[in-house]
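# Commentary on secondary and tertiary structure
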Amino acid sequence: MTASTTASTPATIRREDYTPPAFLVDTVELHFALHPTATRVRARLAMRRNGESHDLELDGEELMLLSASIDGVALPSYRVASLPSGGLRIEGVPDSFMLETLVEISPEANSELSGLYLSGGNYFTQCEAEGFRRITFFPDRPDVMSRYSVTIEAEKTACPVLLSNGNPAGGGELPDGRHWAKWEDPHPKPSYLFALVAGDLVAVRDSFTTRSGREVALAIYVRQGDEDACGHAMDSLKASMAWDETEYGLEYDLDVFNIAAVSDFNMGAMENKGLNVFNTKYILARPDTATDADYEGIETVVAHEYFHNWTGNRVTCRDWFQLSLKEGLTVFRDQHFSEFMGSAAVKRLANVRRLRAAQFPEDAGPMAHPVRPDSYVEINNFYTATVYQKGSEVVRMMRELIGPASFRKGMDLYIARHDNQAVTIEAFVGAMQDASGIDLSRFARWYAQAGTPEVTVSDSFDEATGRYTLSLTQSTPPTPGQPTKQPVPIPVAMGLLGPDGAALPLRLSGENAAEAPEERVLLLEEAKQDFVFEGLGTQRPVPSLLRGYSAPVKLHGLGLETLGFLAAKDSDPFVRWESAQQYATAEMLRLVAAYRAGQEPTLPDGLAGIFAAVLERAEQDPAFAAEALALPSEDFVAGQMRIADPEAIHLVRQALRRQLGTRFASRFAALHDSLADAGPYRTDGDSIGRRALRNAALTYLGRADAGDGLARARVQFAAGANMTDVLAALRVLVDSEDPAREDALAAFHASWRADPLVLDKWFTLQAVSTRPDTLAAVQALAKHPDFDLRNPNRVRSLVGAFAAGNPAQFHATSGEGYRFLAEMVIALDPVNAQVAARIVSPLGDWKRQSPDRAAIMRAELERILALPGLSKGTFEKVSKSLAA
Ligand code: B3K
Ligand code: ZN
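Nothing here was measured: the structure is a model prediction, and the numbers come from that model. (Residues numbered from 1 in each chain as written. Chains lettered and ligands numbered in written order. Predicted model: local features only at pLDDT ≥ 70, side-chain atom pairs only at ≥ 80, totals over all residues. Heavy atoms only, no water.)

With respect to burial, strand β2 (residues 23-33) is a largely interior element, eight of its 11 residues being buried. Counted between consecutive antiparallel strands, the loop separating β2 from strand β3 (residues 39-49) contains five residues. Across seven bridges, the pairing between β2 and strand β12 (residues 145-155) is parallel. Bridging from a neighbouring strand, Thr-27 pairs with Arg-147 of β12. (Buried < 20%, exposed > 50% of the residue type's maximum accessible area, 1.4 Å probe, protein only. Helix = DSSP H or I, 4+ residues; strand = E, 2+ residues; numbered from the N terminus. Pairing = 2+ DSSP bridges.)

Turning to the UniProt feature "domain: Aminopeptidase N-like N-terminal" (unreviewed entry) in the chain, a few remarks are in order. Here the UniProt feature "domain: Aminopeptidase N-like N-terminal" (unreviewed entry) sits at residues 108-193. When the span residues 108-193 is considered, its composition is 0% helix and 53% strand, and the gap between its end C-alpha atoms is 22 Å. (UniProt positions renumbered as here; feature names shortened; annotations may be inferred.)

The next thing to look at is the packing of aromatic side chains. Using the criterion set out here, one finds 33 aromatic pairs in the structure. Measuring from centroid to centroid gives 5.5 Å for Phe-332 and Phe-407, while their planes differ by 65°, and the two rings are edge-to-face. Here Phe-332, found in helix α3 (residues 323-341), pairs with Phe-407, found in helix α6 (residues 404-418); they are 75 residues apart in sequence, far enough to count as distant. Of the two residues examined, Phe-332 and Phe-407, each falls in the buried class. A ring pair is formed by Phe-802 and Phe-810, whose centres lie 6.3 Å apart and whose planes are at 80°; its orientation type is edge-to-face. Exposure class is identical for Phe-802 and Phe-810. Each is buried. Positioned above the aromatic ring of Tyr-549, the side-chain terminus of Arg-356 is 5.4 Å from the ring centre. The lysine or arginine in question, Arg-576, covers the ring of Phe-624, its NZ or CZ lying 5.1 Å from the ring centre. (Phe/Tyr/Trp six-rings, centres within 6.5 Å; stacked < 30°, edge-to-face > 60°. Lys NZ or Arg CZ within 6 Å of the ring centre and 35° of its normal.)

Helix α7 (residues 425-436) packs onto helix α5 (residues 385-402) with a crossing angle of 10° between their chain directions and a minimal axis gap of 11 Å. Relative to α7, the element α5 lies roughly parallel. Residues Val-395, Met-398 and Ile-402 of α5 pack against Phe-428, Val-429, Met-432 and Ser-436 of α7. (Axes fitted to C-alpha atoms, helices over the stretch in contact; angles between N-to-C directions. Parallel < 35°, antiparallel > 145°, perpendicular 65-115°, else oblique. Contact = heavy atoms within 4.5 Å.)

Residues given the UniProt feature "domain: Peptidase M1 alanyl aminopeptidase C-terminal" (unreviewed entry) here are residues 562-883. Between the C-alpha atoms that bound residues 562-883 there is a distance of 41 Å. The span itself is 69% helix and 0% strand.

Bringing the packing of helix α1 (residues 231-248) against α6 into the picture now. For the pair α1 and α6, the least separation of the axes is 10 Å and the interaxial angle reads 110°. One finds that α1 runs roughly perpendicular with respect to α6. The residues of α6 that touch α1, namely those facing Thr-246, Glu-247 and Tyr-248, are Phe-407, Arg-408, Met-411 and Asp-412. Taken together, the residues of the contact of α1 with α6 sort by class into three nonpolar, one polar and three charged. (Nonpolar A, V, L, I, M, F, W, Y, C, P; charged D, E, K, R; others polar.)

To continue, consider the site of ligand 1. As a structural note, the neighbourhood of ligand 1 is formed by 15 residues, with Glu-128, Glu-271, Glu-305, Asn-380 and Tyr-388 the closest of them. Residue Glu-305 places a side-chain N or O atom 2.7 Å away from an oxygen atom belonging to ligand 1. For the shell around ligand 1, the elements supplying multiple residues, two or more each, are β20 (269-270), α2 (292-307) and α3. (Near = heavy atom within 4 Å. Polar contact = N/O pair within 3.5 Å; in protein donor to acceptor, adjacent residues only side chain to side chain.)

Structure, rendered in structure tokens:
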């Protein structure tokens, strides 16, 4: 589809069309008179011309304009024109002037959760990317940076708490039971970082002293009753503040740092300057309500939003195409922090697993786009795994290439040069290049080219000379709009292993033998390169490649024997895990093909051997063992097939789980017994690892033909020690035919019906159940009184979890799974278009499905596309899915 020509086709925005803002806003004074259906917003903008135009255009959406003046003189209506977008055009403005507008908005009517909205009677804002225009008329783009002062006025009993960005600057009583508060933010910021929170919330307080001695008052605002669930978030915040000082020398820059938690939120959290707004999911945690994964998620997201204060807020993006400038870099920072806080190796492989589960399919699908996209219809569709996670991998590779010391120098330079600026990705790469003296111009291709590079390895060994040649080739498959690709610089961290697994010296031809290291980073820059190593004796070495996952690529060419050897012997935990995963993937693909030819899957000996070895050493590193015991996901296996067969993959994976559970039942039972934790619940890496391994054992036992897995699950569920253990046990029951299943589900619901975050888990468990009747159950759950289309967490917990997390059922040959998702999208689009556009993705995967499935998927996409008044976000996803 090409750019917009008719009124009904939303316009495509292109990166190459960027022009600087025609007007700048130096200061913004906002006054809010809060009211659920009729909030009044008065804005005084000190504006100045920045280009040729004398006509001012402001963004606006669903605003009712009550008055407008320039330099105190009311504007006659003929000078003010409404734009079709909802914006405003004012003709003939002076070079610099004070614009004052008064608008009315209805927070209660705002179900999009963008702009100012109500949640449980409290007021919250979400402005990134383009929500500020739903609050007041403004040049709502990130390269307009202004100093804000905000006054909020509201009824005191309904809204005892009145918060905005920056530092508090006064407050007081008003007649009629109202009160006011003023906030001043000394740092210039783009409008997407504006925030307001008001309502009946309570604060959990703490403080942090920065290394230069500045005292920062910390507060987390939650609903009454949730105060006891903020400890982990607060600890994570303080740890993040300290880490940014020691790792990057970056200190916090306001007197207060506030976080407010809200249960109706489109994503995880938002880094508004000095007033982060969080989905409750990433704040609230108590041992009885939150799982270990929730605790880890909180640590990561709290850190991520905090780190944005420098990478995103102080230095921001010139335009939304540069989104990865702040997101890729900040994900890199939060992952690095989490590695520091826990077991680095296990965090790394968990992040790689997530990258491959979310980003690789995206990079191979209809929405594939570069880390820096070239065009978009709806920017909210580009807050993607590619921009975030692949963007983070790109930063990580840069650090690998120039080294940690130069990287740190580059960060200092980036911030020194660009503080208080809105810049492009070139600014970041340029700072890294200047700090290191290493030419990164070729490296910048990683930002421009979509698709996952594929690296193929082959090797040869000359016993007579001890010379070993490692040949690497790379290619990147075509993606929509990018039919041909160039080679990218791929850092390949590697080692060579002798037959006993010992590390061999790595001497490239022409190098001095004395200095040969045992690990090095090869740079694969061309389509094909040979690396020749000398002095390796008489026995063929085994290559250990992409240690620590040094580049986000797919690696081919290693045989089962090599993979098995590496899984057992390599010193790098990532390569050990990865080799076992690749081994299992290869075997699963073979079993899928065999199954389609009429053969029942049986557990291959080699795979059983890998599991046996992992189980033998399991207690040495329980967290690693838990990861290593998880078979590759159904989606991951499907991703390796040209045409997927979700049914066969599911069947094979289930059969392997059952047979592994049966084969190792006594070992799993022993682990389940010995890892039981008597003491209080703790969330250090060790404790989390032990629970993960113990619950992995329980899960296999729950599948096994032999053993007492279901009985153990019933006991563990009833014991109710903590949510991690309860949920793992309940999951085993929910996936089973156990008679206790229904009672357990009912008991869980009865206990937690008042806690939305826990209830989300109840929905998700049923949505991802491996039972064959899951689709019908999901359809029924969508009619459950606790299902609520207006709450994004609930939608994700049922619809998102089912469509993205239960491929076998979603792809049911009846097409009912597709129909269900389409109906949900159609119902949701008019309520919350952002979430609708997000959950529609699995329907776009039709190209890799069998023709009968693909036809139904396309028909459902067509049905959505035909919807009158379809949002531009859903339009973009659906039309691109159909066109690919
Ligand atoms: N910057 C926000 C994401 C905003 C998404 C807008 N659709 C959260 C984050 O990445 O930190
Ligand atoms: Zn972010």
